[in-house]
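Single-letter residue listing:
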Amino acid sequence: MNALSTKLETLAIHGGAPVREKLLPYGRQSLDDADVQAVIEVLKSDWLTTGPKVPEFEERFAAWVGARHGVSFSSGTAALHGAAFAAGLGPGDEAITTPMTFCATANCILYQGATPVFADVSPDTLNLDPQEVFQKITSRTKVIIAVDYAGHPAALDELAGLAKAQIQRPLLIEDACHALGAEFRGKRVGGIADMTVFSFHPVKHLTTGEGGMVAANDARLAETLRRFRNHGISSEARQRQEAGQWFYEMVLLGFNYRLTDIACALGLSQLERLEANLARRREIAARYTAAFRDFPAIVAPTVRERVNPAWHLYPVRLKLERLAAGRGEIFRALRAENIGVNVHYIPVHQHPYYRERFRTEEGYPVAEDAYERLISLPMFHAMTAQDVEDVIHAVTKIVDHYRKA
Ligand SMILES: Cc1ncc(COP(=O)(O)O)c(C=O)c1O
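Residues numbered from 1 in each chain as written. Predicted model: local features only at pLDDT ≥ 70, side-chain atom pairs only at ≥ 80, totals over all residues. Heavy atoms only, no water.

A. Representation of the packing of aromatic side chains. The final tally for this structure, using the stated rule, is 20 aromatic pairs. Judged by centre distance (6.0 Å) and plane angle (65°), the ring pair of Phe57 and Phe61 falls under edge-to-face. With Phe57 and Phe61 both in helix 3 (residues 53-65) and 4 residues apart, the pair spans about one turn of that helix. Judged by relative accessible area, which is 0%, Phe61 ranks as buried. Judged by centre distance (6.4 Å) and plane angle (45°), the ring pair of Phe102 and Tyr345 falls under tilted. In this pair, Phe102 is assigned in the loop between strand 2 (94-97) and helix 5 (103-111) and Tyr345 in the loop between helix 12 (327-336) and helix 13 (352-357), connecting sequence segments 243 residues apart. Put simply, the rings of Phe73, Phe85, Phe228, Phe255 and Tyr257 pair up and form one aromatic cluster. Across the ring face of Trp64, the terminal group of Arg188 is positioned such that the distance to the ring centre comes to 3.6 Å. (Phe/Tyr/Trp six-rings, centres within 6.5 Å; stacked < 30°, edge-to-face > 60°. Helix = DSSP H or I, 4+ residues; strand = E, 2+ residues; numbered from the N terminus. Buried < 20%, exposed > 50% of the residue type's maximum accessible area, 1.4 Å probe, protein only. Lys NZ or Arg CZ within 6 Å of the ring centre and 35° of its normal.)

Have a look at this one:
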C-alpha cells in the first residue's frame, strides 16, 4: 500500500469501509489443547491448590528466567506487594518509581504504608532515567522499583549501581510484568535485579488466567515471599500432610496470595511455547518497525544496544506537530478501522488518587509529553501476517490523511 493509494481511501470514521470487518484486539491469550488437557488433569487430581504443580512451575519458571528462586502469587499485583514487603518497605520509607506504568507498580508502595517518589523517564525508552532517580534519592530511599516499559528492560546496571552506592543500600525491584523473556546484556531478566516481578494476565507472554511470580536469587527473600503469600505461615498444608504433622506458626502478617495448582498446571503447559511466542512477537515488532521507522509523523519504539525486548506492547508516539489531529481523533479513527489500539499509560501521578495525596506539581515532563502522543498498536503472539498488515494499512491510511502538507 503506497502513500498515494491510502490517501485516496475514505476513513471509516468518515463513513468509508473499515480496514477490517471485526475488531483486532490489542492483546489476547492463546491456549491450545495441551493447555486444556493439563488443567483437566489437575481438576481430577487430589490437589486443586498448593499441590505439586506449584513448586514444579516455580522451579521451571525460575530456571527459565535464570533466577535461583521463583515464588508464585495470585497476580502480578500481589507479587509486587510481596516484593515490597520482602524489601522491608514500611512507614517512613520512600520508594522511587516511574510514572509511566500501570498503577499497580506504585500501589504496592502504598500497601506498605511507604511514600512513592516518582522520577521522570528517559525520552527514548520511557524507562526510569537513572539521572532523575539520582536526584530523588534520600537517606529514606529503601527501594527503587523500575519498570521494563513495553518489554524493554530498564537501565538495570545503572540503577543497581546507584542503589549500591547508597549507605542504606536500597533494593532494586524490577517490575518485569511486560518483559518475560527480555534480555539485558545477554541475560534474561529475572536474575539481575534483587527481585523481579512477572504477571500472567491473559495479555502477557504466558498466562495462568490471573497470576504472578517473583524471581530472586537470595534465599532469605524467597522464604519471606513464600510466607507472605501464605498468611505469614511457616509451612504449607501439603508439607504438613506429608510430614504427618499439624503444627504451624504464623510468623509475620501475610495474605492469601497463593496461586492454585490449576493455574500452575496451565503455566507449566504455557511455558512450553514461551520461546516460540517470544519469537513471534519479535517478528511482529520487526515488521512494524520496518514499516514505521521512516514514517514522517510517528516515532517507532527505540531499542538500546545489547538489549532484546520482549515486546509486550508496541507503543508508537505521534509527531503531533506534523498532524492536523490530536491523539484522541487518531485513536478513534483507528478504532473505527477495527484496529484495537490502546494507550499505555496515563502517568500514575495524574490519577486523582495520587494527585490528591502527593506533591506532583513539579511534574514529569518527559512522561507527560509522551502520554499525549502514545498509542499502543495490537501486539500478541497469535497475530497472523494479515493482522499485522491490516494494522500497518490502517495506521498509514490515517496518518496520511491527517498529515500536514
Ligand atoms: C507494569 C505492570 N505492573 C503490574 C501489573 C499488574 O499485574 P496483574 O494484572 O497480574 O496484577 C501490570 C498489569 O498489567 C503491569 O502492566
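B. Local environment of helix 4 (residues 76-86). Most of helix 4 is tucked away: 9 of the 11 residues are buried. Two or three places before Thr77, at the opening of helix 4, Ser75 has a side-chain oxygen 3.3 Å from that residue's backbone nitrogen. Among the residues trailing helix 4, Gly88 stands out with phi positive, at a value near 85°. (Polar contact = N/O pair within 3.5 Å; in protein donor to acceptor, adjacent residues only side chain to side chain.)

C. The nonpolar core, seen in detail. Of all hydrophobic cores here, the largest spans 41 residues; its most connected members are Phe57, Phe61, Val65, Val133, Leu159, Leu180 and Phe198. For this core, the secondary structure elements donating two or more residues are helix 3, strand 4 (141-147), helix 7 (156-164), strand 9 (212-216), helix 10 (261-271) and helix 11 (274-292). No other element matches the 5 residues that helix 3 contributes to this core. Apart from residues no more than four positions distant in its own chain, Leu159 is found in contact with Leu128, Pro130, Val133, Ile144, Ala146, Ala154 and Leu172. In this structure, Ala285, Leu377, Ala394 and Val399 belong to the second largest nonpolar core, which totals 36 residues. (Core = buried A, V, L, I, M, F, W, Y, C linked by side-chain atoms within 4.5 Å. Contact = heavy atoms within 4.5 Å.)

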